[in-house]
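This is what each chain is made of:
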Amino acid sequence: MTGPAIEVEPISERRRNLAWPFDLYRSAVGKRYVMAVSGIVLMGYVAAHMVGNLKLYLGPHQIDRYAGWLRTMGEPVVPRGVALWVIRVVLLGALVLHLHAASTLTRIDVRARPERYRTRTEYIAANFASRTMRWTGVIVGLFVVFHLADLTWGSANPSFVRGSVYHNVVASFSRWPVALVYIVANVALGMHLYHGAWSLFQTLGWNHPRWNAWRRPFAVTFASVVAGGNILFPVMVLSGVLS
């Protein structure tokens, strides 16, 4: 004797009810695309951030004026601060998507890893880049929180003066433990940028013999310029060039 048949909605039918961007994101391929695109947004930001901070070498007036311009850009088309907040929201969204995609892809990779059929050498070679990306990502994430507390909110900088960017930077980097934190964090950032810049070409399908020769030089150059430029700021303060 059998009971009444119970209709079960096929999984494929439930998936069709989602809008295509969400359905795509549920797959590992979609997550890798999101991680690559959000990574490009964040790469653009760190590069622009470093270039803007080069005005430190021009003195207090130039860097403080630049910081003021960031708050007023877009005027009179948009009210004061609106354009800056739009950029912040976009960056926050890119960061959240990047972190979520990275964490879920890590779990997928761990579950799918056929460790029983690998030698120890193969395991180390295949996972060095991904494990490095995970740890450098954690270091950079923690550093971002400290960086905001130090030079944006001022809670981690005893000499913080709102609106005086040059003063705040010099006061912060004059403390050698803080300068060391910035240097170590930017070394981790450089490693993260290198692996990300190198791998995003393949993730996005930009895999062509004409371009492949430029992938590694681009990744090395981009990571070195951004990380090196950031590392120079605390070094210049400690050496007395910026004072």
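Refer to the structure printed above.
A few points on the structure.

What counts and how
Residues numbered from 1 in each chain as written. Predicted model: local features only at pLDDT ≥ 70, side-chain atom pairs only at ≥ 80, totals over all residues. Heavy atoms only, no water. Helix = DSSP H or I, 4+ residues; strand = E, 2+ residues; numbered from the N terminus. Buried < 20%, exposed > 50% of the residue type's maximum accessible area, 1.4 Å probe, protein only. Contact = heavy atoms within 4.5 Å. Areas by Shrake-Rupley, 256 points an atom, 1.4 Å probe, with all protein chains shown as cover. Expected span 1.5 Å × (residues − 1). Core = buried A, V, L, I, M, F, W, Y, C linked by side-chain atoms within 4.5 Å. Polar contact = N/O pair within 3.5 Å; in protein donor to acceptor, adjacent residues only side chain to side chain. Phe/Tyr/Trp six-rings, centres within 6.5 Å; stacked < 30°, edge-to-face > 60°. Lys NZ or Arg CZ within 6 Å of the ring centre and 35° of its normal. Patch = residues over 30% accessible without salt bridge, like charges linked within 9 Å, V, L, I, M, F, W, Y side chains within 5 Å. Salt bridge = Lys/Arg side-chain N within 4 Å of Asp/Glu carboxyl O. Lys, Arg positive; Asp, Glu negative; His and termini not counted. Charge placed at Lys NZ, Arg CZ, Asp CG, Glu CD.

1. Observations concerning the overall build of the protein
Okay, so step 1: The helix and strand tally for the protein stands at nine helices and zero strands.
Okay, so step 2: When burial is assessed residue by residue, the protein has 31% of its 243 residues classed as buried.
Okay, so step 3: Nonlocal contacts in the protein, meaning residues at least 24 apart in sequence, comprise 62% of its contacts between residues at least 6 apart.
Okay, so step 4: For the protein, the accessible area works out to roughly 15700 Å², and carbon and sulfur atoms hold 69% of it.

2. So, unusual backbone geometry
Okay, so step 1: Cis rather than trans, the peptide bond between Glu75 and Pro76 has omega equal to 0 degrees.
Okay, so step 2: Relative to the elements of secondary structure, Pro76 occurs in the loop between helix 4 (60-72) and helix 5 (82-112).

3. Structural notes on helix 8 (residues 176-203)
Okay, so step 1: Counted at 1.5 Å a residue, the expected span for helix 8 with its 28 residues is 40 Å, and the 40 Å between its end C-alpha atoms agrees.
Okay, so step 2: After helix 8 finishes, the residue Gly205 shows a positive phi value of roughly 85 degrees.

4. What about the nonpolar core?
Okay, so step 1: Grouped together as the largest cluster of nonpolar side chains are 17 residues, with contacts concentrated most on Met43, Leu189, Leu193, Leu200, Phe222 and Val226.
Okay, so step 2: For this core, the elements supplying multiple residues, two or more each, are helix 3 (28-53), helix 8 and helix 9 (209-238).
Okay, so step 3: If you tally residues by element for this core, the top one is helix 8, at seven residues.
Okay, so step 4: Not counting the four nearest positions on each side in its chain, Phe222 is found in contact with Met43, Ala47 and Leu193.
Okay, so step 5: Among the nonpolar cores identified, the runner-up in size contains 14 residues, and Val178, Met236, Val237 and Leu242 belong to it.

5. A look at helix 4
Okay, so step 1: Over its 13 residues, helix 4 runs 19 Å from end to end, which matches the ideal 18 Å to within 8%, given 1.5 Å per residue.
Okay, so step 2: Positive phi shows up at Gly74, right after helix 4, with a value of about 95 degrees.

6. Considerations on the side chain of Asn157
Okay, so step 1: Inspection of the secondary structure assignment puts Asn157 in the loop between helix 6 (120-151) and helix 7 (165-173).
Okay, so step 2: Given a relative accessible area of 3%, Asn157 falls into the buried group.
Okay, so step 3: Reaching out from Asn157, the side chain makes a polar contact with the backbone oxygen of Asn168 at a distance of 3.2 Å.
Okay, so step 4: Sequence-distant contacts of Asn157, that is, excluding residues within four places in its chain, are made with Ala149, Asp150, Leu151, Asn168, Ala171, Ser172 and Arg175.

7. Points about the packing of aromatic side chains
Okay, so step 1: Taken as a whole and assessed by the stated rule, the structure comprises six aromatic pairs.
Okay, so step 2: When the ring of Phe143 is compared with that of Tyr182, the centres are 4.9 Å apart and the planes differ by 90 degrees; the resulting orientation is edge-to-face. Here Phe143 is found in helix 6, whereas its partner Tyr182 is found in helix 8, with 39 residues between them in sequence. As far as burial versus exposure is concerned, Phe143 and Tyr182 are alike and both buried.
Okay, so step 3: Relative to Tyr182, the ring of Phe173 lies with its centre 4.6 Å away and its plane at 70 degrees, an arrangement referred to as edge-to-face. The pair formed by Phe173 and Tyr182 is uniform in burial state, with each residue classed as buried.
Okay, so step 4: Directly above the ring of Trp85 sits Arg88, whose terminal nitrogen or CZ lies 4.7 Å from the centroid.
Okay, so step 5: The cationic tip of Arg215 hangs over the ring face of Trp198; the distance from NZ or CZ to the ring centre is 4.4 Å.

8. Let's talk about a positive patch on the surface
Okay, so step 1: Residues Arg71, Arg80, Arg88 and Arg162 make up a contiguous surface patch of positive charge.
Okay, so step 2: Its place among the elements puts Arg80 in the loop between helix 4 and helix 5.
Okay, so step 3: In this structure Arg80 comes out as exposed when scored by relative accessible area, which is 54%.

9. A short note on the environment of Leu99
Okay, so step 1: Examined against the element boundaries, Leu99 turns out to sit in helix 5.
Okay, so step 2: Separated by 64 residues in the primary sequence, Leu99 and Met35 have C-alpha atoms spaced 8.1 Å apart.

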